[in-house]
Amino acid sequence: MTCIHPESYHITEKLLEKINASVTEIGLACMRTKLSQTVGQTGMDSLASELEVGMPTLQLIMDGLKQPLDYDIRTAYEKPLFRQGLMSVNDLQIGTVLTGRVGNVVHFGAFVDIGVGKDGLIHTSSMPFYRLQNGKPLGPGDKVQVKVIKLEINKGRIALELLAVL
């Protein structure tokens, strides 16, 4: 599996044909060599024009062909440390302390993935501090420690209090 989107497969096939390569060479040194030689001979602009594709799409395709088949971009990101045994909203209790990752920030608070299939909300009134040590506001991707302060399971709502930015 590569990061190449299925909508770009036909362009990828044209590129593989042009460089005389096959899908069995994806992620191998020979693929990187063939791509480098082709770009060196024709240039990225000419290659993009010939394949009738934009430069960003061509670059994504080339990156996908160079990467090993088992490459996963997500491994570079730290995963939230979800609490063991919590599988759904029904497993939560008021007062439970959890870690999670901020998914979205809106004017009234921040939505946090706490690993139960439903994001919780830290309302601005439950954020005693909302700026990180570097002075930036809480934002997507920030790891946080929170406490469950209210549950409305029938409405699918989880109210959280921000305890710490990790």
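Preceding this paragraph is the structure being described.
Quick caveat, the model's predicted, so the values are computed rather than measured. (Residues numbered from 1 in each chain as written. Predicted model: local features only at pLDDT ≥ 70, side-chain atom pairs only at ≥ 80, totals over all residues. Heavy atoms only, no water.)

Overview of the packing of aromatic side chains
Thought 1: Across all of its chains, the model carries one aromatic pair by this definition.
Thought 2: A centroid spacing of 6.1 Å and a plane angle of 90 degrees characterise the contact between Phe108 and Phe111, whose relative ring orientation is edge-to-face.
Thought 3: A relative accessible area of 28% means that Phe111 is categorised as partly exposed. (Phe/Tyr/Trp six-rings, centres within 6.5 Å; stacked < 30°, edge-to-face > 60°. Buried < 20%, exposed > 50% of the residue type's maximum accessible area, 1.4 Å probe, protein only.)

Quick word on the pairing of strand β4 (residues 143-152)
Thought 1: In terms of strand pairing, strand β1 (residues 97-106) meets β4 through five bridges, oriented antiparallel. Each bridged residue has a counterpart across the sheet, and for Arg101 the counterpart in β4 is Lys143.
Thought 2: Summarising the sheet, β4 and strand β5 (residues 157-165) pair through eight bridges and their orientation is antiparallel. Considered in β5, the bridge of Gln145 is made with Ala164.
Thought 3: Counting the residues between successive antiparallel strands, the hairpin from β4 to β5 contains four residues, one of them, Gly156, with a positive phi of roughly 70 degrees. (Pairing = 2+ DSSP bridges. Helix = DSSP H or I, 4+ residues; strand = E, 2+ residues; numbered from the N terminus.)

Focus on the layout of surface pockets
Thought 1: In this structure, the second largest pocket spans a volume of roughly 210 Å³.
Thought 2: Residue lining of the second largest pocket: 17 residues in total, with Gly120, Leu121, Arg157, Ile158 and Ala159 positioned closest to the centre.
Thought 3: Listed by contribution, the elements that provide at least two residues to the lining of the second largest pocket are β3 (120-123), β4 and β5.
Thought 4: Among the residues making up the lining of the second largest pocket, the classes are represented as seven nonpolar, five polar and five charged. (1 Å grid on protein atoms, 1.4 Å probe; cavity = no way out; pocket = protein on both sides within 12 Å on 5 of 7 lines; lining within 4 Å. Points joined across faces, edges and corners; volume = space filled by probe spheres on them. Nonpolar A, V, L, I, M, F, W, Y, C, P; charged D, E, K, R; others polar.)

Description of the packing of helix α3 (residues 44-51) against helix α4 (residues 55-66)
Thought 1: Orientation of α3 relative to α4, taken along the N-to-C sense of each, is 95 degrees, at an axis distance of 10 Å. Relative to α4, α3 is oriented roughly perpendicular. Of the residues in α4, those touching α3 at Met44, Asp45, Leu47, Ala48 and Leu51 are Met55, Leu58, Gln59 and Met62.
Thought 2: Residues of the contact of α3 with α4, tallied by class, amount to seven nonpolar, one polar and one charged. (Axes fitted to C-alpha atoms, helices over the stretch in contact; angles between N-to-C directions. Parallel < 35°, antiparallel > 145°, perpendicular 65-115°, else oblique. Contact = heavy atoms within 4.5 Å.)

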